[in-house]
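Overview (structure and organization)
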Amino acid sequence: MQSVKFVGFDGVEIHGAHDYLIDQYLKDQVNDRTDQYGGSLENRCRFALEIVEAVVNEIGADRVGIRLSPFADYKDSGDSNPSALGLYMAESLNKYGIAYCHMVEPRMKTPLQKVECLDSLVPMRKAFRGTFIVTSGYDREDGNKAVDEGRADLVAYGRMFIPNPDLSSMHLSTMSRGC
Ligand SMILES: Cc1cc2nc3c(=O)[nH]c(=O)nc-3n(C[C@H](O)[C@H](O)[C@H](O)COP(=O)(O)O)c2cc1C
């Protein structure tokens, strides 16, 4: 691997979310392996953690982040116990001392809707001993509130930033939906 310092980037975010390859290992609804990468929570998380370790060894932990979406189920990539999955990953990542963990809110059940949801990332936030980034469905007000209340260190914005880079006049209508 050519080190990021040689190509001018500050770091690498490992994409372990939204049904891409790593996520497919993590989720028990799509991972049907019978070797040491399938079955138990520990086994399903092994591939992701080995990648984290390899990238950390290559470029240094302070240049590495990871994005995870334990609650998402895009393209059938869902898990029967997403809270346990998110918590296991948050706890396991502590070993590597990476720069941050970026996690997608449970309420992000579809790409275009903000929904209210009883599930929470707070247990993962408490378990992870590093910078914790949350995303999905945030506007300026509740993003600031999440940081003020200690539920996140940073909030990542997608849709609201694309049409409105200054984040000054955002409004999201909140849909109530069980999840
Ligand atoms: C048009 C569009 C494309 C997206 N593509 C991806 C993608 O390729 N991979 C991914 O992990 N998330 C993708 N997302 C999700 C965003 O990264 C982000 O998690 C999501 O938009 C939630 O944040 P927001 O509510 O602030 O928009 C996409 C979102 C949108 C709206």
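Residues numbered from 1 in each chain as written. Predicted model: local features only at pLDDT ≥ 70, side-chain atom pairs only at ≥ 80, totals over all residues. Heavy atoms only, no water.

**As for the site of the ligand**
In the vicinity of the ligand, the contacting residues are His15, His18, Tyr20, Arg67, Met108, Thr135, Ser136, Gly137, Tyr157, Gly158 and Arg159. Here Arg67 contributes a side-chain N or O atom positioned 2.7 Å from an oxygen atom of the ligand. Between an oxygen atom of the ligand and a side-chain N or O atom of Arg159, the distance comes to 2.7 Å. In the complex, 64% of the free accessible area of the ligand, which totals 600 Å², lies under the protein chains. Here the shell around the ligand is composed, by residue class, of three nonpolar, six polar and two charged. (Near = heavy atom within 4 Å. Polar contact = N/O pair within 3.5 Å; in protein donor to acceptor, adjacent residues only side chain to side chain. Areas by Shrake-Rupley, 256 points an atom, 1.4 Å probe, with all protein chains shown as cover. Nonpolar A, V, L, I, M, F, W, Y, C, P; charged D, E, K, R; others polar.)

**Description of the nonpolar core**
Counting residues in each nonpolar core, the largest one holds 36 residues, and the members touching the most others are Ile66, Met89, Leu93 and Ile98. In terms of residue count, helix α3 (residues 41-59) provides more of this core than any other element does, eight residues in total. Residue contacts for Ile66: discarding those within four places in its chain leaves Glu13, Ile14, Val52, Met89, Leu93, Ile98, Tyr100, Cys101 and His102. (Core = buried A, V, L, I, M, F, W, Y, C linked by side-chain atoms within 4.5 Å. Buried < 20%, exposed > 50% of the residue type's maximum accessible area, 1.4 Å probe, protein only. Helix = DSSP H or I, 4+ residues; strand = E, 2+ residues; numbered from the N terminus. Contact = heavy atoms within 4.5 Å.)

**Thoughts on the sheet that holds strand β5 (residues 131-135)**
With parallel pairing, five strands are arranged side by side in an open sheet as β1-β2-β3-β5-β6. Bordering the open sheet on either side are β1 (12-16) and β6 (154-156), each of which pairs with just one other strand. Strand-to-strand twist across the sheet, computed as the mean angle between neighbouring axes with direction ignored, equals 25 degrees. In this structure, strand β3 (residues 100-104) lies alongside β5, joined through five bridges in parallel fashion. Across the sheet, the residue bridging to Met103 is Val134, located in β5. Packed onto the sheet, α3 meets β1 and β2 (64-68) and runs at close to 170 degrees relative to β1. (Pairing = 2+ DSSP bridges. Axes fitted to C-alpha atoms, helices over the stretch in contact; angles between N-to-C directions.)

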